[in-house]
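What follows is the residue order along each chain.
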Amino acid sequence: MAIDEYGPADLLTARELPTPPVGPDTVLVRVRAAGVNPVDWKVRAGHLAGAFPTHFPLVPGWDAAGVVEAVGPAVSGFAVGDEVIGYVRRDDVQHGTYAELVPAPERCLADKPVRASWPEAAGLPLAGLTAYQALQLARTGAGDTVLVHGAAGGVGHLAVQVARALGADRVIGTASEANHDFVRSLGAEPVSYGDGLPDRVRAVAPDGVDVVLDLFGGDALDASAELIGRPGRLVSTADPEHVTRLGGAYVFVKPSSADLGVLAGLVDAGRLTVHVARTFPLTGAAEAQRLVEAGHVRGKVVLTL
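Each chain carries its own residue numbering, running from 1 in the direction its sequence is written. A pLDDT threshold of at least 70 governs which residues receive local features in this predicted model, and a stricter bar of 80 or more applies before side-chain atom pairs are shown or counted, although totals over entire chains, interfaces and linings include all residues. Side-chain descriptors were evaluated using all non-hydrogen atoms of the structure, hydrogens and water having been removed beforehand.

Trainee: Hey, could you run me through the overall build of the chain in this one?
Mentor: Helical segments are the DSSP runs of H or I of at least four residues, strand segments are the runs of E of at least two, and each set is numbered from the N terminus. Each helix and strand in the chain was counted, giving ten helices and 15 strands. Atoms counted for the radius of gyration: C-alpha only. Globule rule: 2.2 Å times the number of residues to the power 0.38. Relative to the 2.2 N^0.38 estimate, which gives 19 Å for 305 residues, the radius of gyration of the chain is 19 Å and therefore close to what a compact globule would have. The buried label applies to any residue whose accessible area, calculated with a 1.4 Å probe on protein chains only, is under 20% of its type's maximum; exposed applies above 50%, and partly exposed to all values in between. Across the 305 residues that make up the chain, the buried fraction comes to 55%. Summarising the internal contacts of the chain: among those between residues at least 6 apart in sequence, 69% fall at separations of at least 24. Counted as positive: Lys and Arg. Counted as negative: Asp and Glu, with His and the chain ends omitted from the count. Where a charge lies is defined by one atom per residue type, namely NZ (Lys), CZ (Arg), CG (Asp) and CD (Glu). Taking the 25 positively charged and 35 negatively charged side chains of the chain as two groups, their mean positions are separated by 3 Å. The contact rule is simple, with two residues in contact once any of their heavy atoms fall within 4.5 Å.

Structure (structure tokens):
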């Protein structure tokens, strides 16, 4: 599924493209499932045009689970037939994961968790890495009370579980009323977002929180600053200038085989579950992106091949 120019989801069309090149340190993966993330529609709309060199026709997608089809001569960690997952963020944007074949730098891949289905595995890399790297940057550990904004979403529902795995004593998650039971099932205490959030958090955690993971920016960041004891443990994926002014840190997820391996291990240990809200066939990529762009998805949306 590719586009020839920036614009709306309707521009995504199915077509045959040449097999992508396999460089010396590249793994060619036959995709079985591809995660759909908010960054995908932002790439399609041109919002990241200034951040990465871009080439058309452009195949979106940075999340994949599949089987190794071929390896470059310098690849040492994978062999043909291996089942892998990947956050396939290359240095340019063109050969994405909404395709039968994707060229993935070896540094972007890890072994697929055995206990995960293909859709679950494809929903793990970008969101899971974001959650893990952000919580690691905030030095999350034993004794901490962690506040996760958007705890029912793609990153948020994994962050709740990862915080627990890192040793946090309590996790509080903001979510709509309709998602409170889901957030409880993940091991967090739900609170409704919106006006009055600091008071609602203090009602369940009178001493405030130790770590905040913000996924929205804006008012959520200001509310978080009122609640946290040490600003340096406030991390945001959404608003770099704002979070920096508040003394926190901005997070932009990085490819990491090692971190992916940690997440896969948590899945196989039964400590991390990817909730797949809905799957679409590859040709349903436009509809899948529109669903993600509208927000309010519980967990992950995935394309299957």
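Trainee: Explain the packing of aromatic side chains to me, please; I cannot follow it from the model alone.
Mentor: Here is the rule: rings of Phe, Tyr and Trp (six-membered ring for Trp) pair when centre to centre is within 6.5 Å. Planes less than 30 degrees apart are stacked, more than 60 are edge-to-face, and the remainder are tilted. Under the definition given, this model contains three aromatic pairs. When the ring of Trp 62 is compared with that of Tyr 87, the centres are 6.0 Å apart and the planes differ by 75°; the resulting orientation is edge-to-face. Here Tyr 87 lies in strand S4 (residues 83-87) and Trp 62 lies in the loop between strand S2 (54-59) and strand S3 (63-71), a separation of 25 residues in the sequence. For Tyr 87, a relative accessible area of 0% corresponds to the buried category. Chaining the aromatic ring pairs together yields one cluster made of Phe 52, Trp 62 and Tyr 87.

Trainee: Looking at this model, I keep getting lost on the environment of Arg 44. Mind explaining?
Mentor: Within the fold, Arg 44 resides in helix H1 (residues 38-45). Residue contacts for Arg 44: discarding those within four places in its chain leaves Ile 3, Tyr 6, Gly 7, Pro 8, Ala 9, Leu 12, Gln 289 and Glu 293.

Trainee: Which parts of the structure should I look at to understand the sheet that holds strand S12 (residues 234-236)?
Mentor: Backbone hydrogen bonds are what pair the strands of a sheet, in a parallel or an antiparallel way. Being paired, for any two strands, means DSSP has found at least two bridges between them. With parallel pairing, six strands are arranged side by side in an open sheet as S10-S9-S8-S11-S12-S13. Every other strand in the sheet has two partners, leaving strand S10 (189-191) and strand S13 (249-250) as the edge strands with one partner each. Relative to S10, strand S9 (residues 170-174) runs parallel, the two being bridged by three bridges. Residue Thr 174 lies in a different strand from S10, and its bridge partner there is Val 191.

Trainee: So what exactly am I meant to see when it comes to the packing of H1 against helix H10 (residues 285-294) here?
Mentor: Helices that pack against each other are described as a pair by the angle of their axes relative to one another and the distance between those axes. The axes are straight lines fitted to the C-alpha atoms, using for helices just the contacting stretch, and the angles between their N-to-C directions are given from 0 to 180°. The geometry of H1 relative to H10 is characterised by a closest axis approach of 9 Å and an angle of 110° between their N-to-C directions. With respect to each other, H1 and H10 are oriented roughly perpendicular. Note on element contacts: H10 touches H1 through Gln 289, Val 292 and Glu 293, opposite Pro 38, Asp 40, Trp 41 and Arg 44. Residues of the contact of H1 with H10, tallied by class, amount to three nonpolar, one polar and three charged. Working rule for angles: under 35 degrees goes down as roughly parallel, over 145 as roughly antiparallel, 65 to 115 as roughly perpendicular, anything else as oblique. Only Asp, Glu, Lys and Arg are considered charged, only Ala, Val, Leu, Ile, Met, Phe, Trp, Tyr, Cys and Pro nonpolar, and every remaining residue, Gly among them, polar.

Trainee: Could you clarify how one ought to interpret the confidence of the model for the chain in this entry?
Mentor: Detailed reading of the predicted coordinates is not advisable wherever pLDDT is low. Each residue gets a pLDDT score, which is the predictor's confidence in that residue and runs from 0 to 100. Of the residues in the chain, 100% have a pLDDT of 70 or more, and the chain-wide mean is 96. Helix H7 (residues 219-227) is the least confidently modelled element of the chain, averaging 89 in pLDDT, while S4 averages 99, the highest of any element.

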